[in-house]
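Residue-level structural notes
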Amino acid sequence: MRFAIFSDIHSNLEALEAVLADARAAQCLRFVCLGDIVGYNANPTECLHRIQELECPVVKGNHDEQASNDSSTSGFNELAEEAIGWTREQLSREERSWLANLPLTSPVGDFTIVHATLDKPNKWGYVFNDLDAIASFAHQTTSLCFFGHTHWPMAFIRDDHVQRVAIDRLQLTSGKKYFVNTGSVGQPRDRDWRAAYCIYDADQQVIEQRRVTYNLAAAQQKIREAGLPDRLADRLALGR
Ligand code: ZN
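Here the structure is a predicted model, which means the values were calculated and not measured.

**Thoughts on the overall build of the protein chain**
Across its full length, the protein chain holds 8 helices and 11 strands. For 240 residues, the compact-globule formula gives about 18 Å, and the C-alpha radius of gyration of the protein chain, at 17 Å, lands near that figure. Each of the three principal axes of the protein chain carries a C-alpha extent, and together these read 50 × 35 × 30 Å. Within the span of the protein chain, comprising 240 residues, buried residues form 57% of the whole. For the protein chain, the share of sequence-separated contacts (at least 6 apart) that also reach a separation of at least 24 residues comes to 71%. Carbon together with sulfur atoms contributes 45% to the accessible area of the protein chain, which is approximately 10,300 Å² in total.

And the structure:
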C-alpha cells in the first residue's frame, strides 16, 4: 500500500491539485492530510471540498482551528491574521464546524499523524531541532509518525540518540522511531517554491520526498484579486 501524506495546503488549490495528480500517477491509493487546509492563500472552500471528497484521515492544524473560531484566540502574526479573518468570511458555518471537529491526532494503519507535536498537540509548538523532537518521541507509541506545521521537510530518527536528516528516500529499519515532516503543499518555506509531500510505501517500508511544480502565477493572481496582502503572493515564489 502506498500512501500520499501531505500537510499545510493553506488554500492553495493549484498546489493541492498538482500534488494529488502526482500521487495518483505514482500509484498512491490512500491519502492522508496533516492539517492546515486553510489560511494564507485564496481558495479555502475549494481546498476544503477537495479534502472532504478524498474521505481520508485528516488532523486539525492551527489555521483550521483559528478559521473555525469566531475570533482569534492565539497570537498569529499580522500577515496570518489578515488572511485568517478573510478566510473566516469565505467559509460557511458547516465548513467551519467540520474544521472545528477534526481530531488533533489520529492512528492510520501502522503509523500516527499530528499537525504540530505529540507531547502537546493543542499548543502548536514547532519541531525544528533534536530537543523538540525528543519531547514528541516520548509520546509516540508507533514507530512512525508524520507531522507538519513548520513547512520544512525533514525527518528525526531515534535509536540510542536522535538525529535529524533530509528525507529524499528514507528506508525504515525496525527498532527505530521516525518523526517525519512532509513539508508544505501550499506554502513551502525551505527556499524551494515547489509543493512538497511524502509517499510512504508501507510494504517496502520506504518514505520518499516529492516536489511538484504547479501553476504558481495562477495562485498568485488569485491572492491579489482576493485583496489579500501582496506579500502572500510574493513569498510563494521564494519558497519562504
Ligand atoms: Zn501551516
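We are not done yet, so read on.
**A look at the coordination of the zinc ion**
Ideal values differ by geometry: the angle at a metal is 109.5 degrees with four tetrahedral donors, but 90 or 180 degrees with six octahedral donors. Here the zinc ion is held by the protein donor atoms Asp 8 (OD), His 10 (NE2), Asp 36 (OD) and His 151 (NE2), which lie 2.0 to 2.5 Å from it. Mapping the donors of the zinc ion onto the primary sequence yields the spacing D-x1-H-x25-D-x114-H. Note that His 10 is positioned in the loop between strand E1 (2-6) and helix H1 (13-25) and Asp 36 in the loop between strand E2 (30-33) and helix H2 (44-54), a separation of 26 residues in sequence. The pair His 10 / Asp 36 is uniform in exposure class, with both members buried.

**A look at helix H4 (residues 78-90)**
Taking 1.5 Å of rise per residue, 13 residues should cover 18 Å, and H4 covers 19 Å from first to last C-alpha, within 8% of that figure. Among all positions in H4, only Leu 79, Ala 80, Ala 83, Ile 84, Trp 86, Thr 87 and Arg 88 are buried. Check the buried side of H4 and you find it contacts H2, helix H3 (62-68), helix H5 (93-100) and helix H8 (230-238).

**Digging into the sheet that holds E1**
The 5 strands lie next to each other as E2-E1-E10-E11-E8, forming an open sheet whose pairing is mixed. Edge positions in the sheet fall to E2 and strand E8 (169-171), since each has one partner strand and no second. Adjacent strand axes in the sheet meet at a mean angle of 20° when their direction is disregarded. Bridge count for strand E10 (residues 195-201) against strand E11 (residues 206-212) is 7 bridges, and the pairing is antiparallel. When the sheet's bridge partners are listed, Tyr 200 is paired in E11 with Ile 207. Packing against the sheet, H1 makes contact with E1, E2, E10 and E11, and its axis sits at approximately 25° to E10.

**Regarding the packing of H2 against H5**
Packed helices, taken two at a time, are described by the angle their axes make and the gap between the axes. Axis separation between H2 and H5 bottoms out at 12 Å; the angle between their running directions is 60°. With respect to their mutual orientation, H2 and H5 come out oblique. The handedness of the crossing between H2 and H5 comes out as left-handed. Contact residues: Thr 45, Leu 48, His 49, Ile 51 and Gln 52 in H2; Glu 95, Trp 98 and Leu 99 in H5. Across the contact of H2 with H5, the residue classes tally to 4 nonpolar, 3 polar and 1 charged.

Each value, and the rule that gives it
Residues numbered from 1 in each chain as written. Predicted model: local features only at pLDDT ≥ 70, side-chain atom pairs only at ≥ 80, totals over all residues. Heavy atoms only, no water. Helix = DSSP H or I, 4+ residues; strand = E, 2+ residues; numbered from the N terminus. Rg over C-alpha atoms; globule rule 2.2 N^0.38 Å. Buried < 20%, exposed > 50% of the residue type's maximum accessible area, 1.4 Å probe, protein only. Contact = heavy atoms within 4.5 Å. Areas by Shrake-Rupley, 256 points an atom, 1.4 Å probe, with all protein chains shown as cover. Donors = N, O, S within 2.8 Å, 3.2 Å for Na, K, Ca; no water. Expected span 1.5 Å × (residues − 1). Pairing = 2+ DSSP bridges. Axes fitted to C-alpha atoms, helices over the stretch in contact; angles between N-to-C directions. Parallel < 35°, antiparallel > 145°, perpendicular 65-115°, else oblique. Left-handed = near helix turned anticlockwise from the far one by under 90°. Nonpolar A, V, L, I, M, F, W, Y, C, P; charged D, E, K, R; others polar.

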